Amino acid sequence: MLLELFPYLSALVIEEVERQSDKVVLRTRVRAATGSCRCGQSSARVHGRYARRLRDVAAGGLGVVIELSIRRFRCENPDCPAVTFAEQISGLTTPHSRYTPLMRGVLTQIGLALAGRAGARLAAVFGVTVGKDMLLQLVRDLPEPEAGEVEVLGVDDFAFRKGRHYGTVLINMATHRPLHLYDGREGEDLAAWLRDHPEVKVICRDRSSGYGEGARIGAPQAAQVADRYHLWANLGQAVEKTVNAYRSRLAEPSSGLAGRIDGPEAEPEVVQPPKELRVVTRLREQHAAAHELWEQGMSKAAIGRKLGLHQATVRKLVNARSADDVVAKSLQRVHNVDPYISYLHRRWNEGVRNAAQLYREIQGLGYPGGELAVQRHLRRYRTGRGHAPAPGLKPPTVREVTSWIMTHPEHLRDESADQLHRLRERDPELDRLTGHVRKFAAMMTGRHGDRLEDWITGAEQDTLAPLASFAHHLRRDFDAVRNGLSLPHNSGAVEGNINRLKMLKRQMFGRASLDLLRKRVLLAR
């Protein structure tokens, strides 16, 4: 049985077995009387001997060291350039290696799975002492697999450093295995790879113009397929921009609301109205200052240096038509106290003014926040007549309305469906927006790519600017989008490999070079 598992044992004579604290040492010698040179000539003339130590896989939690007495023979072939040679045992030794092939394979798999430090720690648990650099070198020494024949190709980019440095990964969509990994995301590099693989018939990609141009140049025979996930995500961005433009209409009319909440007798109004949030005041001041400097002819970078703001913040302030566009998200920010405002106001008007007591009461109702937030909310009413106005229903946020529009009607909760229905009844623009989205969803899920032209025309003729812009960009990549809405191919396997690639990259703390990352992505399973 042992000879079947370890065939090299038949070629050895075990002279001594010594157990040490953390390992077992097998002192052995070769059984054969002759050795074979690499030229094929056998020789029995021994030139010298030396001891060679090989690490083998652990046994019983102890490391195994094979101490092998190696003979060096003289080659009797006069035409052989090697004067002497050392004997090798098949399955046990390889030139210049300190590990058996079995041990080398185990360490290589550990390096592929866990990289350096983590792999070295795991190997130590199994009784093998190995350095992190050795594990990484074993991974680097592996040959890269051949790409083979590829008919359906997936392509996408990934970030080495987000916003600065990107790479590209190519996926075989039939096997869901990575084929190639290279630096950059230019179309020329993709075209060069595709020229070497003329068998590619379908290319699944996102809506990147660089990959689209590279695919057109490198594989004109292939059909390009725009991924449905990215199409739906881009549509969601356009819907959110449209809803944000009409966010002032999201609140329900106050006339009907007052009768439901305040009752027949309204509470006395507070003397001093609530103060504006400091973050809102700061954003208004920054918006005014940025626009004043912009009108003076200063660049966005200069405005950022003068106001001490990040360039992205300056760009957001300058591009906003009014301060309300900037403070919209802050005004709609959800707080932990919001679901309990009605209860707090009712108890306050009943004469309970102790914030600690009110905090304990709403805590029993499920309030997850702290007492300080309750104190801050009630502080604004302590300088008035002693009564807090009954709060009205808080209007839904832009993201909530966007989520309602983008969700299948059958999957909406009854409350959300009712709110969306009332919103559509009183706002024709949002009603048309919802109709466009549902038509696109039906076209996408039913694979009706033939309806794309009519949908784009209808969206472009509407007054919803963000949606019209989205439709206009679809027309630029019309063939790929139509294929994405008609063919069964998608980039799901690509996105899965991107997530796996990110895990491998972060596992190496972002300090590994491209060659090591490529080996782990292509070979790790």
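See the structure printed just above.
No experiment lies behind these values; they were computed from the predicted model shown.

Before going further, it helps to examine the overall build of the chain. Looking only at helices and strands, the chain features 23 helices and twelve strands. Out of the 525 residues in the chain, the part that is buried amounts to 41%. The long-range fraction of contacts in the chain, counting pairs at least 24 apart against all pairs at least 6 apart in sequence, stands at 60%. Surface summary for the chain: the accessible area is close to 29,500 Å², and the carbon and sulfur share equals 50%.

For the rest of this paragraph, the subject is the environment of Asp 156. Here Asp 156 lies in strand 8 (residues 152–161). Sequence-distant contacts of Asp 156, that is, excluding residues within four places in its chain, are made with Gly 167, Thr 168, Val 169, Asp 206, Tyr 211, Val 494, Glu 495 and Ile 498.

Another aspect to go through is the packing of helix 14 (residues 355–364) against helix 15 (residues 371–379). Across the interface, helix 14 lies against helix 15 with an axial gap of 9 Å and an inter-helix angle of 120°. On the basis of their axis angle, the class for helix 14 and helix 15 is oblique. In the crossing of helix 14 with helix 15, the sense of the turn from one axis to the other is right-handed. Contacts between helix 14 and helix 15 involve Ala 355, Ala 356, Leu 358, Tyr 359 and Ile 362 from the first element and Glu 371, Val 374, Gln 375 and Leu 378 from the second. Class assignment for the residues of the contact of helix 14 with helix 15 results in seven nonpolar, one polar and one charged.

Phi angles above zero are rare outside glycine, and His 96 is one such case at about 65°. For His 96, the location among the structural elements is in the loop between strand 7 (84–86) and helix 2 (101–114). One non-glycine residue with positive phi stands out, namely Arg 447, at about 55°. In this fold, Arg 447 is placed in the loop between helix 18 (428–445) and helix 19 (452–461).

Here we have five strands laid out as an open sheet, ordered 10-9-8-11-12, and mixed in their pairing. Whereas interior strands pair on both sides, the edge strands pair on one side only; in this sheet they are strand 10 (177–183) and strand 12 (223–226). Sheet twist, expressed as the mean angle between neighbouring strand axes with direction ignored, is 25°. Two strands pair when backbone bridges link them, and strand 8 and strand 9 (residues 165–172) are joined in this way by eight bridges, in the antiparallel orientation. In the sheet register, Asp 157 faces strand 9, and the bridge partner there is Thr 168.

Reading the values: the criteria
- Residues numbered from 1 in each chain as written.
- Predicted model: local features only at pLDDT ≥ 70, side-chain atom pairs only at ≥ 80, totals over all residues.
- Heavy atoms only, no water.
- Helix = DSSP H or I, 4+ residues; strand = E, 2+ residues; numbered from the N terminus.
- Buried < 20%, exposed > 50% of the residue type's maximum accessible area, 1.4 Å probe, protein only.
- Contact = heavy atoms within 4.5 Å.
- Areas by Shrake-Rupley, 256 points an atom, 1.4 Å probe, with all protein chains shown as cover.
- Axes fitted to C-alpha atoms, helices over the stretch in contact; angles between N-to-C directions.
- Parallel < 35°, antiparallel > 145°, perpendicular 65-115°, else oblique.
- Left-handed = near helix turned anticlockwise from the far one by under 90°.
- Nonpolar A, V, L, I, M, F, W, Y, C, P; charged D, E, K, R; others polar.
- Pairing = 2+ DSSP bridges.

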